[in-house]
Amino acid sequence: AMAGRAEAATVIQSRVRGSQQRQKVEYESVYNIYRNVEAHEEQEFLAQKEVAAAIESYLKKNAPQAVRAAQSLFRKRKSTILQGASDEGSVNLSTLTLRGVHKHFAERWKKDPNDLLDQALVNNLLAKAYEIVLKEVPCAVVNYQIPKEEDNRLIIVGDTHGQLEDVFWMFYKYGAPTPKNVFIFNGDICDRGPNGVEIWLLLLAYKIACPECIFFNRGNHEDPLMNERSQECGGGFARECRTKYGQDILAQFHHLFDALPLVYIVNKRLMIVHGGLFRTDSVNLPQLARLQHRRPCPEVPRTNEEYAVFDALWSDPRVARGRGVSKRGGDCMAFGPDVSKGFLDRNRLDMIVRSHEVPADGRGFQVWHDSRVVTIFSASNYCGTMNNYGGVMILKPNLEFEVFEHWAPELEELRRLEAETASATQAVATRLEGLKAQEDGFRNRKRKESVDSIGKDVVKKVKELIVERKEDLFWFYETHDHDNTHHVSATIFWQGLRDSLGEFAEQNFQHIQRLVAPETEVSTDGGSSVDYHHFLGRFQVQLKGLVGRREFGRQVVVSVFQAILRADLPLREMFALFDRNCSGTVTFDEFREVLQSFDLGLSRRQLAPFFRALLRSSADKSVNIVEFFSRFDVIYGGHLHDNDEPWIREVLQGLGKLWLHSDNVDQEDNSARDLLEHFEQADVNGNGTLSLGEFVKAVQPWCKALQEQGVSRDYLTPEKLDQVARAVDVSGEGTINYLEWVDAFQAVETRGACGRAGAVSDFGDLGDSILMVLYRHMAAVRRGLQYFDPKATGIVSAGEFKMALTALASALAKPDPPYSDSQVHVLMTQLIEKGYNDDDELNYHDVLDAFAIVDSGPGEL
């Protein structure tokens, strides 16, 4: 029996160890995936800072009066909004106590974290806290001495990122701020999570009630441009704040952020900084103290002072010695153990406590560089995906410290625990062991949910990358699709993704496989292929409720068609222009050569999706020259006649039915040739264009048939037919070229037939190529638009919106502008339905917030 029990115990222990190992491997996988996603987001953000700076420079050069007026008004508004509201609001801040903070703020948000305060109270909270911080923080480095009494302590909190549950749980577990239980929040209080506003207002209320109880360091997310990014891309605070309290309150927050210090020095021996150390050994504490810190984080650091501010917020430790480029990319720097030792020794410090990143092993802390650098990260189950613990460091007056970890439950669970606890501020030691067991339970229940959530984050990022790099992927797959089936082998498909998406595709194979599965076919020989054309077509960028990507793309094509119309070329010259080798077909190379030699408003990257939209079938590599011009007009859509009198359209529709009638199933091919044949018959002198008289003579033999269709003979007189001819002559030159002829009659009956015949006619890819640029850089565009909106109304004129988009195109102009002025004009006409002019107004927040990546595939994967 004893032997049996021992054997059972061994089996149980083996299974427990196996489960623990699987959990460890699972977490490491989740961590690596999320860090990869986060690295992509931060690299995009750092690139966007340079774009924002370029937009600002463009506006200063091209709209100097508007920018100067805005900057002047910004300064005036800053002094106004920082004075606070004349109304005290629902809470008298001049008499606010710690008990009052608990009653009016903490208890309120534990019950409903989205319960809004009155506007006057929020305004006054920020104004009063700003005043306190200004007095407390005269320079970038603040010295803090923990009072010597034994029961005093300092609690260092790392990133909380809008996770209100973590803040409340830390106050429950370690005690709320008091003069003997002091907190320093080490930056990144907002962004990513849903309640950055509530966390900040709660902490500021504590600051007002007891200034010596709580302090704040600045992080890289206390930054206006970072806040403007979407929550999914690492930001979210700006939209959260505008939605809850408006633009003025957001401006107050940003003034507060600019006033925060970069460094705290505790008891002259321990340094607290959000990011880390610096790219040169010359930086020391006296030099840091002299920095101009009351400013946003430098968008494009150039001077040693700007790099010092940037590094304090963005750098990371690394295992290797020396300095190098951080995994975040861009200008971000990583520093090794020798750099840490040198800085600490030169400045007579013992240790650096920093935050800024999730520890690699799922803990709430990470020890670096011979235990002289410690990372503290306080947002447990970061973004609902990481399944990590949060951590704090608790320091005693003699700088002895302990690191504690936590896993924050949902607020409902916290309220239940508080109700069961005799006193939420009882001695920590009597509660920690019991709370640890409960936290482990919370974490285990959330584990699967966290893994599922990160999978969704990865899939979302993949969709963005596919839309952004769609043309590169199309080009790669088409070069390997030798039989024009728009299928490639699974091996080639994954090679294309790896080449385009880099390591991101390799590291996230399983998640991407879920997206690819619906387009994968298994052949009889066991191999598999992927319908790349359908796969790439699924992922699109849209301006939800404002602009359809297909309609936008079609309108861009319309503008090109109009440019060719204006050239007013005779038939042979027009054919020769595109069919350079007289083969009777137009290839993409010929098409590209022509459009690049004319100013037709298309960038090089837009030519491929444009050409695909002209093809009759997605498998085609070229198009018959006659059909090519017919397809041009199919896309154009016959808008030339929208303003013609109804009787003119009636005559043209009757002629189209007569000339384009065909019993052949393949009607599109015949209709194009029929149009050419009738044009050549009408061109009596063979010069490639029709005079108005030639047009009238070509129509007259068909007048009897037109009357049999019901067209009134009053509309078929020579005078009336001359009016019809002038309507067809769009250019007004007194002659009708082939494209004008095609537009007059192709609009009648064949457009629907063309669609049924298998034409691609999807202008969405062309729309995506333009809208994706705006999607990626909407935070930088919003920043530029704020120069035209110094009163923070959210409203700008259409002309100002257009200038901001032109500034973005200028910022991205090398090596090729992402879009043209004519395409900006097309977008503006889509946004303003009533007809675009520069004086029209629009809400730019509504426009920029409407951008979204969508998947037209089988459900959300």
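Just so you know, these numbers come straight off a predicted model, no measurement behind them. (Residues numbered from 1 in each chain as written. Predicted model: local features only at pLDDT ≥ 70, side-chain atom pairs only at ≥ 80, totals over all residues. Heavy atoms only, no water.)

## Overview of the side chain of H221
Step number 1: If you trace the backbone, H221 turns up in the loop between β4 (214-217) and α7 (224-228).
Step number 2: Residue H221 is classed as buried on the basis of its relative accessible area, which comes to 2%.
Step number 3: A distance of 2.8 Å separates the side chain of H221 from the side chain of D191, its partner in a polar contact.
Step number 4: A polar atom in the side chain of H221 sits 3.4 Å from the backbone oxygen of G234.
Step number 5: Once residues within four sequence positions are removed from consideration, H221 is found in contact with H161, D188, C190, D191, R192, M226, N227 and G234. (Helix = DSSP H or I, 4+ residues; strand = E, 2+ residues; numbered from the N terminus. Buried < 20%, exposed > 50% of the residue type's maximum accessible area, 1.4 Å probe, protein only. Polar contact = N/O pair within 3.5 Å; in protein donor to acceptor, adjacent residues only side chain to side chain. Contact = heavy atoms within 4.5 Å.)

## Some remarks on the packing of aromatic side chains
Step number 1: In the structure shown here, the tally under the stated rule is 33 aromatic pairs.
Step number 2: With centroids separated by 5.8 Å and ring planes inclined at 20°, the aromatic side chains of F45 and W314 adopt a geometry described as stacked. Of this pair, F45 sits in helix α1 (residues 2-62) while W314 sits in helix α11 (residues 304-314), and the two are 269 residues apart along the sequence.
Step number 3: With a relative accessible area of 1%, F45 lands in the buried category.
Step number 4: On the basis of an interplanar angle of 25° and a centroid distance of 5.2 Å, the ring pair of W647 and Y715 is categorised as stacked. (Phe/Tyr/Trp six-rings, centres within 6.5 Å; stacked < 30°, edge-to-face > 60°.)

## A closer look at unusual backbone geometry
Step number 1: Positive phi values are uncommon outside glycine, yet H161 reaches one of about 45°.
Step number 2: Inspection of the secondary structure puts H161 in the loop between β2 (153-157) and α5 (164-174).
Step number 3: Given the relative accessible area of 2%, H161 is considered buried.

## So, the pattern of salt bridges
Oppositely charged side chains can pair when the atoms bearing their charge come close.
Step number 1: This model, assessed by the stated rule, comprises 33 salt bridges.
Step number 2: Residues K341 and D345 are paired through a salt bridge, measuring 2.8 Å at the closest nitrogen-oxygen approach. One end of the pair is K341 and the other is D345, both in helix α12 (residues 337-346) and 4 residues apart, which spans about a single turn.
Step number 3: Its salt-bridge partner being R354, residue E357 comes within 2.8 Å of it at the nearest N-O pair. In terms of burial, E357 and R354 fall into one category: buried. (Salt bridge = Lys/Arg side-chain N within 4 Å of Asp/Glu carboxyl O.)

## Let's talk about the nonpolar core
Step number 1: Formed by 105 residues in total, the largest nonpolar core has its most connected members in M271, Y477 and F801.
Step number 2: Ranked by residue count, the leading element in this core is α1, at 8 residues.
Step number 3: The residues contacting Y477, other than those within four sequence positions of it, are V488, I492, F493, G496, L497, Y532 and L536.
Step number 4: Counting residues in hydrophobic clusters, the runner-up holds 80 residues, among them L121, V197, L250 and I376. (Core = buried A, V, L, I, M, F, W, Y, C linked by side-chain atoms within 4.5 Å.)

## Topic: the sheet that holds strand β3 (residues 181-186)
Step number 1: One open sheet holds the 5 strands; their spatial order is β4-β3-β2-β13-β14, and the pairing between them is mixed. Since the sheet does not close on itself, it has two edges, and those belong to β4 and β14 (401-406), each with one partner. Within this sheet the neighbouring strands show an average axis-to-axis angle of 20°, counted without direction.
Step number 2: In the sheet, β2 pairs with strand β13 (residues 390-395) via 4 bridges, with the strands oriented antiparallel. Of the residues in β13, the one forming a bridge with L154 is L395.
Step number 3: Against the sheet, α5 engages β2, β3, β13 and β14, with an angle of about 130° to β14. (Pairing = 2+ DSSP bridges. Axes fitted to C-alpha atoms, helices over the stretch in contact; angles between N-to-C directions.)

## Considering the environment of V586
Step number 1: Here V586 lies in strand β19 (residues 585-587).
Step number 2: You can call V586 buried: its relative accessible area is 0%.
Step number 3: In the structure, V586 is positioned 11 residues away from F575 in sequence and 9.3 Å away in space, judged by C-alpha atoms.

## Here's the deal with empty space enclosed by the protein
Step number 1: Summed over all chains, the structure comprises 7 cavities of 30 Å³ or more.
Step number 2: Taken as a whole, the largest cavity holds about 130 Å³ of empty space.
Step number 3: In terms of lining residues, the largest cavity is bounded by E44, Q48, R229, S230, C233, E464, E468, M772, Y775, R776, M778 and A779.
Step number 4: Those elements that provide at least two residues to the lining of the largest cavity are α1, α14 (429-468), α31 (764-776) and α32 (778-785).
Step number 5: By residue number, the principal contributor to the lining of the largest cavity is α31, which donates 3 residues.
Step number 6: Split into classes, the residues belonging to the lining of the largest cavity amount to 5 nonpolar, 2 polar and 5 charged. (1 Å grid on protein atoms, 1.4 Å probe; cavity = no way out; pocket = protein on both sides within 12 Å on 5 of 7 lines; lining within 4 Å. Points joined across faces, edges and corners; volume = space filled by probe spheres on them. Nonpolar A, V, L, I, M, F, W, Y, C, P; charged D, E, K, R; others polar.)

Keep in mind these values describe shape, not function.
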